[in-house]
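Single-letter residue listing:
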Amino acid sequence: MNDRSRFVSRVLLPVTIMFVLSTVGSLGTAAAPSSAPTIVVPYGASEYKYQVVPVDDGIGFERPDFDDSAFAVGDAGFGSREGYCELNNPGDVRTEWPVETDLLVRKTLELPAGTTDVVVYVTVDNDVQVFVNGHDVSDGLQIHEGCPSLDSFSFAVPDSLLQVGTNLLAVRARDRGGLTYLDLEVTRRNRLRLG
Ligand SMILES: [Ca+2]
């Protein structure tokens, strides 16, 4: 490597990358820069509170003050343990969810100060509605057809809904026949301190 190429790789390239990154960053609506996403709840997480109910039943389950003491405790994924879809196998499905019912799940999230940009990723067969701290963040029940696939939905949670400490993720999944499946992933970013 000659002096010129060293200069390019050690000085010009990093400066160029920093400039590009700062330009890209300024296009976003968020004023404060934030960290790369970290996973709060991974796919296949344990210890959800859940209940299987008739379609449209369980009104109010999404509210933080809802009494879920009648709910069971189960591990994701929820679904049919066997079937023609890749994720419908006894390894990925750890809690049985019967067809043609609604599955209600609740899980608390502990979020530190400075948390921003929480995103809820969903893998589902069939439909799903997602709430955080009692607020619908999915704009109603979202319709899904065919086999479940990872991240087929992602719902951004407005920062204004987040609380330091305990937050509630509540999800209604609906099956319309054939096979069932539900799994979730939640990520967050952290506001960076400048200076
Ligand atoms: Ca189905």
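Above this text is the structure in question.
Procedures and definitions
- Position numbers for residues start from 1 in each chain and track the written sequence from start to end.
- The model is predicted, so local features are restricted to residues of pLDDT at least 70 and side-chain atom pairs to those at 80 or more, both for listing and for counting; the totals for chains, interfaces and linings are taken over all residues.
- Side-chain metrics in this entry use all non-hydrogen atoms of the structure; hydrogen atoms and water are not considered.
- Joining through side-chain atoms within 4.5 Å is the link that ties buried Ala, Val, Leu, Ile, Met, Phe, Trp, Tyr and Cys residues into a set, and such a set is a nonpolar core.
- Relative accessibility under 20% of the residue-type maximum defines a buried residue, over 50% an exposed one, and the middle range a partly exposed one, all with a 1.4 Å probe and only protein chains included.
- By definition, any uninterrupted DSSP run of H or I lasting at least four residues is a helix, any uninterrupted run of E lasting at least two residues is a strand, and each is numbered from the N terminus.
- Pairs of residues are marked as contacts when any of their non-hydrogen atoms sit within 4.5 Å.
- When DSSP locates at least two bridges between a pair of strands, those strands are taken to pair.
- Salt bridges are defined by distance alone: a side-chain nitrogen of Lys or Arg within 4 Å of a carboxyl oxygen of Asp or Glu.

Caption draft 1: How the structure looks around the nonpolar core. Ranked by size, the top nonpolar core spans 30 residues in total, and within it V122 and L182 carry the most contacts. Among the secondary structure elements, those contributing two or more residues to this core are β2 (48–53), β6 (102–111), β7 (115–125), β8 (127–132), β10 (153–157), β11 (165–174) and β12 (181–190). Beyond its immediate sequence surroundings of up to four residues, L182 is in contact with G77, F78, W97, L103, V105, V122, T123, V124, V128, V171 and A173. Formed by seven residues, the second largest nonpolar core is a distinct cluster that contains V53, F61, L104 and F131.

Caption draft 2: Fine view of the sheet that holds β2. Ordered in space as β3-β2-β6-β11-β8-β9, the six strands form an open sheet in which the pairing is antiparallel. Each edge of the sheet is formed by a strand with only one pairing partner; in this case those strands are β3 (72–74) and β9 (135–136). Here β6 pairs with β11 via 10 bridges, running antiparallel. Bridge pairing links E110 to T166 in β11.

Caption draft 3: Molecular detail of the pairing of β11. Most of β11 is tucked away, with eight of its 10 residues classed as buried. Pairing of β8 with β11 involves six bridges; the strand directions are antiparallel. Within β11, the position partnered with V132 by the bridge is L169.

Caption draft 4: View of the pattern of salt bridges. On inspection of all chains with the given rule, the structure shows 10 salt bridges. R81 is the partner of E96 in a salt bridge, and the nearest nitrogen-oxygen pair spans 3.3 Å. Of this pair, E96 sits in strand β5 (residues 95–96) while R81 sits in the loop between β4 (78–79) and β5; the two residues are 15 residues apart in sequence, bridging distant segments of the chain. Using a relative accessible area of 42% as the deciding quantity, one classes E96 as partly exposed. One network of salt bridges, with partners in common, ties together D56, D102, R172 and R174.

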